[in-house]
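# Fold and geometry: a report
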Amino acid sequence: MSPDDPDAAPWEETAALLARLHAVPPGPLPGPVPPMRGPAKVAAALRRLRGVPPSPGSAAVLRAAGRLPAWARGEEPPPAGAAGHTLCHGDLHLGQLVRSPAPGGPWLLIDVDDLGLGPPVWDLARPAAWYATGLLAPEDWTRFLGAYRSAAGPALPAGGDPWPYLDVPARALTVQSAAQALAKAAAERRALDEPEEALVDACARMAGLPVEPPAGARASVVG
C-alpha cells in the first residue's frame with residue numbers, strides 16, 4: 001500500500017469494498033476458485049531474498065521469518081480452522097482501486113489475478129503491517145479498520161482488539177515486503193529507501209517478540 005498522500009486515499013471505500021468481496025458466497029462462482037496464495041507469496045519472497053548476497057538486513061528478515069508459524073511461510077498446510085473458505089482479493093493495495101469515470105462514480109476493486117479462497121484476515125494484513133511499522137498514520141488505520149467493521153466484514157469481530165487475529169498475517173506481510181525490498185534493492189544496486197528501511201527495522205524488532213499476543217491484549221505486530 002503506497003504511503004504517497006495517505007490523507008487523500010480512499011480508506012473507507014477500500015474497506016467497504018473489501019467487506020463486500022468477503023461476503024460474496026463462493027459457491028455460485030465459476031470455478032473451481034483456487035486457494036488464496038498468501039503464505040505461498042511469503043515463501044516466494046524469502047526464496048528471492050536467499051538468492052542475493054547476505055547482509056545484516058537480510059539476516060534480520062530471515063530471523064523474523066523464522067519466528068512465523070511454518071504454515072504462514074508456506075512450508076506446511078494451515079492448521080484446522082485457519083484455511084478459511086472466504087473469497088479473498090489476495091493482493092490488496094491502493095493501486096488496485098480505480099474510480100468509475102462517471103461523475104461521482106464509485107470506487108472499484110480491480111486485478112483479481114490472486115483471487116482465492118482463504119482466511120479473509122490476510123486481506124487486511126498489508127495495511128495492518130504498514131500501520132504497525134509506522135508507514136500508515138494511526139488515523140488512517142482507524143478509518144480503514146472502522147469502515148471494515150462498520151460494513152460487517154467477516155475477518156474480524158465487530159469490536160475488541162483486532163491484533164490477536166491480525167498478528168500472524170501482518171507479521172508475514174512485513175516479512176514478505178521487507179524481503180522483496182531487499183531483493184529489489186540488491187538487483188538495482190542501490191541502498192534501501194526510507195519505507196524499505198522501516199520494513200527491515202520492523203523485522204529486526206519482530207524477531208524478539210512473541211508471535212501471538214494473548215487474546216484481548218493490546219499488542220503491536222512489530223513492537
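Source: prediction; values computed, not measured. (Residues numbered from 1 in each chain as written. Predicted model: local features only at pLDDT ≥ 70, side-chain atom pairs only at ≥ 80, totals over all residues. Heavy atoms only, no water.)

## Quick word on the overall build of the protein chain
Assigned secondary structure in the protein chain consists of 7 helices and 4 strands. Written out in order from the N terminus, the α and β elements of the protein chain read α-α-α-β-β-β-β-α-α-α-α. A burial count over the protein chain gives 48% of its 223 residues as buried. A fraction of 75% describes how many contacts in the protein chain between residues 6 or more apart in sequence connect residues 24 or more apart. Of the roughly 10600 Å² of accessible surface on the protein chain, 58% is carried by carbon and sulfur atoms. (Helix = DSSP H or I, 4+ residues; strand = E, 2+ residues; numbered from the N terminus. Buried < 20%, exposed > 50% of the residue type's maximum accessible area, 1.4 Å probe, protein only. Contact = heavy atoms within 4.5 Å. Areas by Shrake-Rupley, 256 points an atom, 1.4 Å probe, with all protein chains shown as cover.)

## Observations regarding the packing of aromatic side chains
How two aromatic rings sit relative to each other is given by the distance of their centres and the angle of their planes. Within this structure, the stated rule accounts for 5 aromatic pairs. Taking 6.3 Å as the distance between ring centres and 65° as the angle between the ring planes, the aromatic pair formed by Trp71 and Trp122 counts as edge-to-face. Here the residue Trp71 occupies a position in the loop between helix 3 (56–66) and strand 1 (86–88), and Trp122 occupies one in the loop between strand 4 (116–118) and helix 4 (125–132), the gap between them amounting to 51 residues. A relative accessible area of 7% places Trp122 in the buried class. Judged by centre distance (5.5 Å) and plane angle (10°), the ring pair of Tyr131 and Trp141 falls under stacked. Of this pair, Tyr131 sits in helix 4 while Trp141 sits in helix 5 (residues 138–150), and the two are 10 residues apart along the sequence. The residues Tyr131 and Trp141 share a single accessibility class, namely buried. (Phe/Tyr/Trp six-rings, centres within 6.5 Å; stacked < 30°, edge-to-face > 60°.)

## Concerning the pattern of salt bridges
Applying the stated criterion across every chain, the model contains 8 salt bridges. Here Glu196 and Arg190 are joined by a salt bridge, their closest N and O atoms 2.9 Å apart. The network of salt bridges with common partners includes Glu12, Asp140 and Arg143. (Salt bridge = Lys/Arg side-chain N within 4 Å of Asp/Glu carboxyl O.)

## Thoughts on the environment of Glu188
Mapped onto the elements of the fold, Glu188 is located in helix 6 (residues 163–188). Separated by 2.5 Å, the side chains of Glu188 and Arg190 make a polar contact. (Polar contact = N/O pair within 3.5 Å; in protein donor to acceptor, adjacent residues only side chain to side chain.)

## Details of the nonpolar core
Formed by 54 residues in total, the largest nonpolar core has its most connected members in Val61, Trp122, Trp141 and Val175. Listing elements by their share of this core, those giving two or more residues are helix 1 (11–22), helix 2 (38–50), helix 3, helix 4, helix 5, helix 6 and helix 7 (194–206). Leave out the neighbours within four places in its chain, and Val175 touches Val42, Leu46, Val61, Ala64, Ala65, Leu68, Cys203 and Met206. (Core = buried A, V, L, I, M, F, W, Y, C linked by side-chain atoms within 4.5 Å.)

## Remarks on a negative patch on the surface
A surface patch of negative charge is lined by Asp193, Glu194, Glu197 and Asp201. Looking at where Asp201 falls in the secondary structure, it is placed in helix 7. The partly exposed category is assigned to Asp201, whose relative accessible area is 39%. (Patch = residues over 30% accessible without salt bridge, like charges linked within 9 Å, V, L, I, M, F, W, Y side chains within 5 Å. Lys, Arg positive; Asp, Glu negative; His and termini not counted. Charge placed at Lys NZ, Arg CZ, Asp CG, Glu CD.)

## Some thoughts on the packing of helix 2 against helix 6
Viewed as axis vectors pointing N to C, helix 2 and helix 6 meet at an angle of 30°, and their least axial separation amounts to 8 Å. Read as a crossing pair, helix 2 and helix 6 show a hand that is left-handed. Of the residues in helix 6, those in contact with Gly38, Lys41, Val42, Ala45, Leu46, Arg48 and Leu49 of helix 2 are Ala172, Val175, Gln176, Ala179, Gln180, Leu182, Ala183 and Lys184. Per-class residue counts for the contact of helix 2 with helix 6 are 9 nonpolar, 3 polar and 3 charged. (Axes fitted to C-alpha atoms, helices over the stretch in contact; angles between N-to-C directions. Left-handed = near helix turned anticlockwise from the far one by under 90°. Nonpolar A, V, L, I, M, F, W, Y, C, P; charged D, E, K, R; others polar.)

## A look at a nonpolar patch on the surface
Taken together, the side chains of Val98, Leu108 and Ile110 present a nonpolar region at the surface, about 200 Å² in accessible area. Residue classification places Ile110 among the partly exposed residues on the basis of a relative accessible area of 31%.

## Comments concerning the confidence of the model for the protein chain
Chain-level pLDDT for the protein chain is 85 on average; 88% of the residues reach the 70-or-more range. Counting contacts from residues 213–223, a segment whose pLDDT is below 50, to residues more than four positions away or on other chains yields 33 contacts. (pLDDT = per-residue confidence, 0-100.)

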